[in-house]
Amino acid sequence: MSMQAKKRADYQPPVFTITDVKMDVRLHPTTTRVETTSQVKRLASEGNALALDGDKIQLDSVVINDQPHSDYQVVDGQLLISNVPEQFTLTIVNTIDPQNNRALEGLYLSAGTYCTQCEAEGFRRITYYLDRPDVLATFEVTLHGDKQQYPTLLANGNPIARGDNDDGTHWVTWQDPHPKPSYLFAMVAGDFDLLEDTYTTSSGKPVKLELYVDKGKRERGHFALASLKRAMKWDEDTFGLEYDLDIYMIVAVDFFNMGAMENKGLNVFNSKFVLADQDSATDEDFFNVESVIAHEYFHNWTGNRVTCRDWFQLSLKEGLTVFRDQQFSADMTSPLSNRIKHVRVMREHQFAEDASAMSHPIRPEEVIEMNNFYTVTVYDKGAEVIRMFHTLLGPQGFRKGMDEYFRRHDGQAVTCDDFVAAMQTATDLDLSHFALWYSQSGTPVITVSSVFDDSTGKMTVTLSQRTAPTADQRTKAALFMPVTFDCIDSQGNHYSDDDGLVKDGMVILDKSELTLTFSDVEEPLIPVILGNFSAPAKVHNDLNAAQLLNVFQYAHDSFNRWDALQSLYSWCINCYEQGTPEAVDDTIWQGLEAVLTGEADNHELLGECLVIPSFETLCQTRSQVDVAALNSARDAFCQAFSVRLAEPLKAIFNSISTSAYTYSQQAVNARRCRNQVLVHLARLDDQQGAIKTQFAQADNMTDTLGALKAAQAGQRQVFETLMEEFEQRWNQDPLVLDKWFGLHATTERDDILSQLTLLQQHPQFTIGNPNRVRAVVGSFAFFNTAGFHNLDGSGYKFVTDYLMELDKVNPQVAARIVTPLTQWHNFSPAHQQLMKTQLNRLLGVKELSSDLFEKVSKSLAYQSNSEQ
Ligand code: TRP
Ligand code: ZN
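Residues numbered from 1 in each chain as written. Chains lettered and ligands numbered in written order. Predicted model: local features only at pLDDT ≥ 70, side-chain atom pairs only at ≥ 80, totals over all residues. Heavy atoms only, no water.

### Considerations on the nonpolar core
To keep things clear, this is the line we draw: The nonpolar core is taken to be a set of buried Ala, Val, Leu, Ile, Met, Phe, Trp, Tyr and Cys residues, with the residues joined through side-chain atoms within 4.5 Å. Note on classification: 1.4 Å probe, protein chains only; a residue is buried when its accessible area is under 20% of the maximum for its type, exposed when over 50%, partly exposed between these limits. Segments assigned H or I by DSSP are reported as helices when at least four residues long, segments assigned E as strands when at least two residues long, and all are numbered from the N terminus. In what follows, residue pairs with any heavy atoms lying within 4.5 Å of each other are defined as contacts.
Core analysis: the biggest nonpolar cluster contains 279 residues, and Met23, Leu90, Phe389, Phe419 and Leu463 have the highest contact counts within it. No other element matches the 13 residues that helix 5 (residues 376-409) contributes to this core. Each residue touching Phe389, except ones within four places of it in the same chain, is listed here: Gly394, Phe398, Phe419, Val420, Met423, Leu431, Phe434 and Tyr438.

Okay, here's the thing in C-alpha cells:
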C-alpha cells in the first residue's frame with residue numbers, strides 16, 4: 001500500500017493495453033484459483049517491462065505465448081514482466097483467499113455468498129492486471145463452484161455454456177461483448193431466491209430482468225424490480241437511452257461497503273437498497289431503493305458505455321449519474337421534497353467537507369487512497385454542477401449536449417473536459433468560465449445587500465460572491481453561477497429590475513459583484529435569491545423575522561419559501577444562544593402559527609417546514625461552535641416550538657388520518673407531515689399516549705419508526721418500553737434492527753458509551769458487517785451530538801478506539817466514520833484540542849491503512865496551516 005499522493009497532472013496514457021481476457025475461476029473459501037489469459041498489446045515505446053497491479057494475491061505462474069516466463073519480479077504491489085513481445089498472450093495463475101477478505105474489496109464471501117467489488121482498485125485483488133479505467137477489454141469468465149452450495153454462478157454479460165465437473169462442482173461460462181475496464185468486472189456465486197421479469201425496450205428488444213435475493217426474502221424484492229422497469233422507461237423517454245444486453249441482473253448481498261455497484265449487466269447491491277415491503281421498510285427506504293436502483297441502471301450509459309479516463313475524473317460518471325437519478329426521483333415522486341432532501345445533504349455534509357482538511361474540487365487534483373474520494377463533493381456537488389448545465393442550457397439544450405457526448409464518446413474512457421466540450425456544442429454561452437467549477441474547491445458565499453432611497457424611490461440590490469480559501473487551495477476566483485432572483489414587497493407584489501438583467505427569474509452572477517436597480521419603489525423591497533438552490537452556494541441575506549415570514553408568504557419559489565423558514569428557525573436559535581429568547585416574540589409565534597394553519601392541507605410543504613434545521617446544518621452558518629451551547633439552544637427552541645404551537649400542531653395531527661398503507665406520493669406526504677408533528681408533540685407530557693397509540697396501531701414501518709423517533713424526543717420511559725417491544729419483534733431481521741441500533745446510538749443520555757458497548761455485544765452485531773457498524777458507531781459519530789462531543793473527550797476516544805480495531809478489518813468503512821473527527825476545525829478550541837488528541841493517537845498506529853492515513857494526516861496538517 002502506498003502513502004504517496006498521485007496527481008491528476010501526472011496522467012500518462014497506458015504503455016500496454018489488454019484487448020481480450022479469458023478467466024477461469026475455481027471457487028474455494030480460502031484458496032480460490034484464478035487463471036487469466038489476456039491479449040496484451042504495446043501502445044507506446046517507452047519502458048520495457050509490462051507493469052501489472054496486484055494486491056493480496058499469491059502468484060503461481062506466468063506464461064507468455066504458451067511458454068513459461070521467468071523474467072519477472074514483484075515490486076511495490078506491481079508485477080513487472082520484462083522482455084515481452086509487442087503483442088502476446090499472457091497467462092497468469094494466482095490464488096486468493098475470499099473467506100479472510102474482510103475489507104470487502106476484490107472477491108469475498110458475504111454470509112455464504114461469493115461476490116466481488118472491483119471499483120475503484122479492487123480487481124487487482126483478484127489477479128495481476130492493468131487495473132486502470134482507460135484499459136478496456138472484453139471478458140469471458142468461466143466460474144466453477146460446488147453445485148449444491150452454489151447453484152447460481154454469475155458474471156457479466158450473457159451465459160454461453162455450462163456443465164458439470166466430476167468432482168461435485170459445476171461451471172458456467174459468461175461472455176461480455178462490451179469492452180470494459182476492470183472496475184466493472186463482477187462475479188457472484190450463491191443459492192438465492194430469484195425474481196424474474198422482462199422489459200421490452202422502445203426498439204422492441206426483450207431484456208430478461210433477474211433479481212437475486214437471500215432465500216426467504218423473495219417478497220421483499222418486487223418493489224426493486226418494478227423500480228428498475230420505471231428507470232429503464234424513464235431513460236428511454238428522457239434521454240433516448242436503451243439497455244444494450246439481453247439480460248440485466250441484480251444481486252443483493254448483506255456485506256457491502258457502499259450502496260451498490262454498476263458492474264456491467266450484473267449489479268451488486270447492499271441488500272438495504274433492494275429489499276423493501278410495507279412491514280419492514282419506511283417510505284424513505286422505498287424512496288432510496290428506487291433511487292439507487294435507478295442510479296446503477298443509469299450508469300450503464302453514464303459510466304459504463306462512456307467511462308472515466310482516470311479516477312480523478314470520477315465526477316464525470318458520478319456527478320452526472322446522481323443528477324440523472326435525482327431527476328428521475330423528482331419525476332417519480334415530487335420535485336420539492338426531492339430538492340429539499342438533496343439540499344440538506346449539501347448543507348449538512350458537503351459544505352462541511354469543503355470547510356475541512358479534505359476539501360477538494362469535484363475533480364480532485366491529488367489522491368492517496370482513491371476510496372477516500374467517493375465523497376459528497378464528487379457525487380453531490382458534482383450533481384449540482386451538472387444541474388447548473390441543465391439550468392443554463394434548458395432541458396432541450398441539455399439533451400442536445402448529452403446526445404453529442406454519447407455520439408462522440410460511446411465506448412471511450414474520457415475526461416470532465418470532454419463532457420464540457422460536448423455540452424459547449426449545445427449552447428451559445430461560453431462555458432470556459434463555468435468550467436472553473438471543476439477545478440475550484442470551497443463553498444461560494446453570495447452576499448445580498450440593498451440600499452433604498454426614500455426620496456428618489458430607487459433601490460439597488462448588490463449580489464457579491466466570495467469563496468474563502470480552503471485547505472487545498474489558497475486563491476479563489478469568482479465563479480459563474482445561475483442565480484434565481486425574485487423581489488417582493490410586504491404586500492406580495494413582485495418587481496422587475498430597470499435594466500432587465502433578470503431574465504425569466506434568473507440572473508448570471510459571473511463576477512465578484514453585480515448590481516440590480518429598481519425604480520418607483522415605495523418601501524425597501526425584499527430580495528429573494530437562489531430559488532430551487534440554483535447554485536451550490538451559501539447565501540448571506542440579512543432579512544429580519546418579519547421579512548422572512550413575508551418571503552414564506554409571497555415568494556414564487558417553494559424552495560425559497562421553505563428556506564425562509566429555515567433561516568427564521570436558525571435566527572431564533574441564535575437568539576436562544578445569545579441568551580435573548582424573548583427576541584422571539586409574539587409576532588413571530590403568531591407568524592408561525594399562521595404558517596401551520598395556512599398550510600394545514602399542504603402536507604408536502606408543511607412536513608418539510610416543520611423540520612427544525614439539524615445541529616449539523618446550524619454548524620455551517622457558525623464558527624468555533626460550542627457544542628453544548630448550540631445544542632441546548634436548539635433544544636430550548638424546539639421545546640418552545642412545541643409548547644407555543646401545541647394547539648395548531650394537535651389540530652394537524654388529528655386532521656391527518658392513518659388509512660391503510662399505500663406507497664403513493666400523497667400518502668407519503670401525509671405520513672411524513674403527521675410524523676413530523678408527532679416529534680414536536682412528543683415534548684409535551686400529555687401527548688405520550690399518542691405516541692404509544694401510533695406504535696400499537698401502525699400497519700407499516702414508517703409509522704412504527706415515526707413513533708419511535710417521537711418517543712426518542714419525548715419521555716425516556718416510553719422510549720425504552722417501545723424499543724424493547726420493537727427489538728423482540730425484529731430480532732431476527734438485521735436490516736430492520738439497524739434502525740433500532742441507530743436510534744439507540746443517537747439517543748442523548750449520560751450512559752451512552754455503556755449503551756454502545758451493549759449494542760456491540762448484541763448477537764446481531766458484528767464488526768465485519770458495514771451496515772451494523774454504520775448503524776452503531778457511524779450514527780453515534782455523525783449524529784449523537786451531545787455524546788460524541790462530550791467535553792470530557794470520552795465520545796471522541798470511544799470512536800477512536802473503535803476505529804483502531806475497524807481499520808484492521810475494513811479500512812474503507814473506518815475512513816468514512818473518521819470524518820466527523822477530522823472536521824474539528826468547526827468547533828471551539830476545547831473541542832479542537834480533544835479531537836486532535838485522538839487524531840494523533842490514530843496517526844501513531846502501526847500499519848495504519850492508507851485510507852485512514854490520508855484523512856487523519858491531512859486533518860492534522862491543517863492544524864499547522866491555520867495556526868501559521
Ligand atoms: N460506483 C458506485 C456507485 O454508483 C460506488 C461504489 C460502490 C464504490 N461500491 C464501491 C466505490 C466501493 C468505491 C468502493 O455509487
Ligand atoms: Zn454511482
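### Let's talk about helix 5
This is how it is decided: To estimate the expected span of a helix, count its residues, drop one, and scale the result by 1.5 Å. Given a residue, its bend is the angle between the two axes fitted to the seven residues that end at it and to the seven that start from it.
For helix 5, with 34 residues, the first-to-last C-alpha span of 26 Å runs short of the 50 Å given by 1.5 Å per residue. Where helix 5 bends most, the angle comes to about 115 degrees, and this point is Gly394, followed within four residues by the proline Pro395. Among the 34 residues that make up helix 5, 25 are buried, leaving the element largely enclosed by the rest of the structure. Just downstream of helix 5 lies Gly411, where phi reads positive at about 85 degrees.

### Overview of the coordination of the zinc ion (ligand 2)
Tetrahedral coordination by four donors sets the ideal angle at the metal to 109.5 degrees; octahedral coordination by six donors sets it to 90 or 180 degrees. Which entries qualify depends on this criterion: Counted as coordinating are nitrogen, oxygen and sulfur atoms within 2.8 Å of the metal, or 3.2 Å for Na, K and Ca, while water is not included, which may make sites look incomplete.
The zinc ion (ligand 2) binds to the protein through His295 (NE2), His299 (NE2), Glu318 (OE) and Glu318 (OE); the donor distances cover 1.9 to 2.7 Å. Its relative accessible area of 0% is what places His299 among the buried residues.

### Re the pattern of salt bridges
Test applied: Salt bridges are counted wherever a side-chain nitrogen of Lys or Arg sits within 4 Å of a carboxyl oxygen of Asp or Glu.
One pass over the structure, following the stated rule, counts 55 salt bridges. Arg220 is the partner of Asp733 in a salt bridge, and the nearest nitrogen-oxygen pair spans 2.5 Å. With Asp733 in the loop between helix 18 (716-730) and helix 19 (734-745) and Arg220 in the loop between strand 18 (206-214) and helix 1 (222-239), this pair connects stretches of sequence that are 513 residues apart. Take Asp733 and Arg220: they sit in the same class, and that class is buried. Here Arg749 ties to Asp751 by a salt bridge, and the two come within 2.6 Å at their closest N and O atoms. Of the residues examined, Arg749 reaches a relative accessible area of 16% and is grouped as buried. Ionic contacts of the salt-bridge type, sharing partners, join the residues Asp53, Glu121, Arg124 and Asp131 into one network.

### A word on the domain arrangement of the chain
Under the convention used in this document: The split into domains, and so the bounds of each, comes from an automatic or database assignment of domains. What counts as buried area is the accessible surface, traced by a 1.4 Å probe, that two parts surrender upon association, with contributions from both included. In protein, a polar contact means a hydrogen-donor-capable atom and an acceptor-capable atom, both N or O and within 3.5 Å, with residues adjacent in sequence counting only if both atoms are side-chain atoms; elsewhere, any N or O pair within 3.5 Å suffices. Residues were grouped as follows: Ala, Val, Leu, Ile, Met, Phe, Trp, Tyr, Cys and Pro as nonpolar; Asp, Glu, Lys and Arg as charged; and all remaining residues, including Gly, as polar.
Once the domains are mapped, the chain shows domain 1 (6-307), domain 2 (311-438) and domain 3 (731-868). The centre of domain 1, based on its C-alpha atoms, is set 25 Å off from the matching centre of domain 2. With 37 residues of domain 1 at the contact, the number on the domain 2 side is 41 residues. Interface of domain 1 and domain 2: buried area, both sides summed, is about 3400 Å²; carbon and sulfur atoms make up 59% of it. Contact with domain 2 buries area across many residues of domain 1, yet Arg8, Trp234 and Phe239 alone supply 22% of it, more than any other trio. One salt bridge in this structure joins Lys317 and Glu119, with 2.8 Å as the shortest N-O distance. Counting across the domain 1 and domain 2 interface gives 22 residue pairs in polar contact (both at pLDDT 80 or more). At the level of secondary structure, the elements contributing two or more residues to the side of domain 1 that touches domain 2 comprise strand 1 (6-7), helix 1 and helix 2 (283-298). If you tally residues by element for the side of domain 1 that touches domain 2, the top one is helix 2, at 8 residues. Partitioning the side of domain 1 that touches domain 2 into residue classes produces 14 nonpolar, 10 polar and 13 charged.

### Some remarks on the environment of Leu52
The residue Leu52 is located in strand 4 (residues 50-53) in this model. For Leu52, a relative accessible area of 1% gives the class buried. Distance from Leu52 to Leu80, taken between C-alpha atoms, is 6.5 Å for residues 28 residues apart in sequence.

### Thoughts on the sheet that holds strand 18
Note the following rule: In short, DSSP must find at least two bridges between two strands for them to pair. Think of each axis as a best-fit line through the C-alpha atoms, taken over the contacting stretch in the case of a helix, with angles from 0 to 180 degrees between the N-to-C directions.
Strand order in the open sheet formed by 5 strands is 17-18-19-21-20, with mixed pairing between adjacent strands. Looking at which strands have only one partner, the edges of the open sheet turn out to be strand 17 (192-200) and strand 20 (260-261). Along the sheet, helix 2 contacts strand 19 (247-253), strand 20 and strand 21 (266-270); its crossing angle with strand 21, the most-contacted strand, is approximately 150 degrees.

### Digging into the side chain of Thr443
Mapped onto the fold, Thr443 is located in the loop between helix 7 (436-439) and strand 25 (444-453). According to the relative accessible area criterion, Thr443 is buried, its value standing at 12%. Within polar-contact distance, the side chain of Thr443 engages the side chain of Asp354 at 2.9 Å. Sequence-distant contacts of Thr443, that is, excluding residues within four places in its chain, are made with Gln350, Phe351, Asp354, Arg466, Thr467, Pro536, Ala537 and Lys538.

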